[in-house]
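The residues making up each chain are set out below.
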Amino acid sequence: MAELKEALRGLKAEEVAAVAAQVQPKLDAQGRAYATGRRKNAVARVWIKPGIGRVVVNGREIEVYFARPVLRMLLSQPFESANRKDQYDVWCTVVGGGLSGQAGAVRHGISRALSLFEPTLRPVLKRGGFLTRDSRVVERKKYGKAKARRSFQFSKR
């Protein structure tokens, strides 16, 4: 029984290697990979190419656009999990939402672009949860309520 399980594990690893060898990187004419990332109401269009780790968001450096260190850390997570820190330049445009949603959208776009540029990184990024779109959005306001769920103050008389 143990031998059968080991044989199946070996077969799966070989299949994964074969599939990874067949998948070609999707690059444009300039040698960049493009992907779209989304989070809350923010949408980010992301291009990555081999470089020195420069990140430009809406024409501004990452330190200027995302001033909070937590947001910058969020953007570097896909590179760190794939051991590709400072190996790619990122150029992106992001619209909608606030800074937190925009940072999440750029992270999602970077992850998807990385998986297109290097298809062998897809399992690592998927295991880290970087390729999954976070579907949580703000709940809509209902009539007869102050907010989505908050009721107006109750008055007995």
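From a predicted model like this one, the values you see are computed outputs, not experimental measurements.

1. Examining helix α3 (residues 69-81)
Inference 1: Counted at 1.5 Å a residue, the expected span for α3 with its 13 residues is 18 Å, and the 18 Å between its end C-alpha atoms agrees.
Inference 2: Taken together, the buried positions of α3 are occupied by Leu71, Leu75, Ser76, Pro78 and Phe79.
Inference 3: Among the structural elements, β3 (55-57), α2 (62-65), β5 (88-95), α4 (99-117) and α5 (122-128) are those in contact with the buried residues of α3.
Inference 4: Asn83 sits one or two positions beyond α3 and adopts a positive phi of about 55°.

2. Let's talk about the pairing of strand β1 (residues 33-39)
Residues in a regular strand project their side chains so that they alternate between the two faces of the sheet.
Inference 1: Across the 7 residues of β1, 5 count as buried, placing the element largely inside the fold.
Inference 2: The hairpin formed by β1 and strand β2 (residues 42-50) contains 2 residues between the paired strands, and Lys40 there has a positive phi angle of roughly 55°.

3. Quick look at the packing of aromatic side chains
Inference 1: Applying the stated criterion to the full structure yields 5 aromatic pairs.
Inference 2: Ring centres of Phe79 and Tyr88 lie 6.3 Å apart, and the angle between their planes is 20°; this geometry places the pair in the stacked category. Taken individually, Phe79 and Tyr88 each receive the classification buried, so the pair is uniform in this respect.
Inference 3: Between Tyr88 and Phe117 the ring centres are 5.2 Å apart and the planes differ by 80°, which places this aromatic pair in the edge-to-face class. Linking Tyr88 in strand β5 with Phe117 in helix α4, this pair joins segments that are 29 residues apart in sequence.

Rules and cut-offs
Residues numbered from 1 in each chain as written. Predicted model: local features only at pLDDT ≥ 70, side-chain atom pairs only at ≥ 80, totals over all residues. Heavy atoms only, no water. Helix = DSSP H or I, 4+ residues; strand = E, 2+ residues; numbered from the N terminus. Expected span 1.5 Å × (residues − 1). Buried < 20%, exposed > 50% of the residue type's maximum accessible area, 1.4 Å probe, protein only. Contact = heavy atoms within 4.5 Å. Pairing = 2+ DSSP bridges. Phe/Tyr/Trp six-rings, centres within 6.5 Å; stacked < 30°, edge-to-face > 60°.

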